[in-house]
Amino acid sequence: MLHEDRLFPAETASRSVARKLYAEVKDLPIISPHGHTDPKWFAEDEAFPNPAALFIQPDHYIFRMLYSQGISLESLGIGDHQADPREVWRIFAKNYYLFRGTPTRMWIDYSFAKLFGFTERLSEKNADAYYDTIQTKLNEPSFRPRALFDQFNLQVLATTDSPLDSLEYHKKIKESGWKGRVIPTFRPDAVIDAEFAGFKGNLEKLGELTGEDISDYKGYLNALRKRRAYFKQMGATATDHGHLTARTADLVPAAAAELYGRIYKGAADAADIELFQAQMLTELAGMSVEDGLVMQLHPGSVRNHNTKLYESFGRDKGADIPSPTEYVRALRPLLSKYGNETGFTFILFTLDETAYSRELAPLAGHYPCLRLGPAWWFHDSPEGMMRYREQVTETAGFYNTVGFNDDTRALLSIPARHDVARRVDCAFLGRLVVEHRIDEDEAFELIHDLTTNLVKKAYKL
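All of the points below concern the structure found in this document. (Residues numbered from 1 in each chain as written. Predicted model: local features only at pLDDT ≥ 70, side-chain atom pairs only at ≥ 80, totals over all residues. Heavy atoms only, no water.)

1. Digging into a negative patch on the surface
Together, D439, D441, E442 and E445 line one region of the surface with negative charge. Position of E445 among the secondary structure elements: in helix 19 (residues 440-458). (Patch = residues over 30% accessible without salt bridge, like charges linked within 9 Å, V, L, I, M, F, W, Y side chains within 5 Å. Areas by Shrake-Rupley, 256 points an atom, 1.4 Å probe, with all protein chains shown as cover. Salt bridge = Lys/Arg side-chain N within 4 Å of Asp/Glu carboxyl O. Lys, Arg positive; Asp, Glu negative; His and termini not counted. Charge placed at Lys NZ, Arg CZ, Asp CG, Glu CD. Helix = DSSP H or I, 4+ residues; strand = E, 2+ residues; numbered from the N terminus.)

2. Examining the layout of surface pockets
To find leftover empty space, one rolls a probe the size of a water molecule over the atoms. Each pocket or cavity is described by its volume, and for the largest pocket that value is around 1300 Å³. Taken together, 49 residues form the lining of the largest pocket, with H36, T37, D38, D316 and R409 sitting closest to its centre. Elements with a minimum of two residues in the lining of the largest pocket: helix 2 (39-44) and helix 4 (60-68). Tallying contributions element by element places helix 2 first for the lining of the largest pocket, with 4 residues. Looking at the lining of the largest pocket, its residues break down into 19 nonpolar, 14 polar and 16 charged. The computed volume of the second largest pocket comes to approximately 630 Å³. Taken together, 25 residues form the lining of the second largest pocket, with D193, E195, L244, Q277 and R303 sitting closest to its centre. (1 Å grid on protein atoms, 1.4 Å probe; cavity = no way out; pocket = protein on both sides within 12 Å on 5 of 7 lines; lining within 4 Å. Points joined across faces, edges and corners; volume = space filled by probe spheres on them. Nonpolar A, V, L, I, M, F, W, Y, C, P; charged D, E, K, R; others polar.)

3. Remarks on the packing of aromatic side chains
What the rule picks out here adds up to 35 aromatic pairs. Geometrically, the ring pair formed by F186 and F231 is edge-to-face, given 5.1 Å between the ring centres and 80° between the ring planes. Taken together, the residues F186 in the loop between strand 3 (182-183) and helix 10 (199-210) and F231 in helix 11 (residues 217-233) connect sequence positions 45 residues apart. Across the pair, F231 and F186 agree in class, each one buried. Ring centres 5.9 Å apart and planes at 35° place the aromatic pair Y260 and F276 in the tilted group. With Y260 in helix 12 (residues 253-265) and F276 in helix 13 (residues 270-291), this pair connects stretches of sequence that are 16 residues apart. Considered together, Y260 and F276 belong to a single accessibility category, that of buried residues. By the ring-pair criterion, three or more aromatic residues cluster together here, those being F55, W89, F92, Y96, F99, F112, F116, F118, Y130, Y131 and F143. The lysine or arginine in question, K200, covers the ring of Y264, its NZ or CZ lying 4.4 Å from the ring centre. One Lys or Arg, R417, reaches over the ring of W107 and ends 3.7 Å from the middle of that ring. (Phe/Tyr/Trp six-rings, centres within 6.5 Å; stacked < 30°, edge-to-face > 60°. Buried < 20%, exposed > 50% of the residue type's maximum accessible area, 1.4 Å probe, protein only. Lys NZ or Arg CZ within 6 Å of the ring centre and 35° of its normal.)

4. Observations regarding the side chain of R15
Along the chain, R15 turns up in helix 1 (residues 12-25). Dropping the residues within four chain positions of it, R15 is found in contact with D5, F8, P9 and A10. (Contact = heavy atoms within 4.5 Å.)

What follows is the structure in structure tokens.
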């Protein structure tokens, strides 16, 4: 099922170089600095219950495709809905053809072949045989989360965590004596976005956790500083921000405090809510300058676009849709204040590929603080990765980028995604060598940088 030359150039000279480069890095450790796997898996190290719970139910890439073809989330056992896992698997197998040509298909096929030894493509006919083989494996100690972490050669795995999270599972991991490095990431959206479900209650809990008076703007900022310090104490090296836009603001203190007062009292309109998020990006950048946590911005996703689905199933159910994003004017207030701080690292992502060569690469090619995150989410594909390299490298070069991160909720997709990224980078560098744009020795140095060195440096790992 897995061809050894997959994703390498069809042209023989470039393919030959790509093969040699890939041989250099295919077995290097995986560094996963941004993702959404559950720390509870590694804290409790319990067996995954069944194939559906392993492959389908945590992975919105899978169930959003099935939903798009009229298959209900209830039938897949998503959320609080119960479903026979074997029947869920049969639905998946019957509709596996839907994933033809998608990166999801590549990731799943990789797992099927590498972890379970399957050589026949999944279908309705072999669904039960697949299910039984996977279930048998899941009952073995070698398929517990910690064993898989080691088998995947994971060096670091970062989760993404609410600012209100006790980090109890991270604490349990640290106290267990296990050598695997699983670290949290501070994601403060729940106490910054006034439209976030339960926002007022989240603010009150923030105050309770920190002993700060969050009705006061200074108290609110102090509470955020305390939570950042706790995350850092628990191993965090980065923060993450999932705003709709990249807009930033730099209000004078009195205006910022007045704005927060309206937010806290629930008297803010839509313009206030957007301005507050913009102001908070700049405030949090200042905190990163203070405490050294790397800052990531993931804008441009209209979250929970399907209102009916959101009301029934909640957040993160495959209904997030990309939107155009402007960066040059939007980021200017923040960059005017902190963009020249060489100790500050600000990693930008995008779902708007038109911004790569026009805005993002020129910005990152100038400001010392800026780095560009890899092709993200809907563009985490061979084509998306290649477009990213082609559009970004000409202005920002390689060394204003940060390697690869998988951004996944599905544990088994981690090695598959990193393998795709390594192959695409080898293909790109192979072409540059054959076109005499870089020398072969530079390509060998670059592939190590793109695979491990840049990500370690950017995320302070």
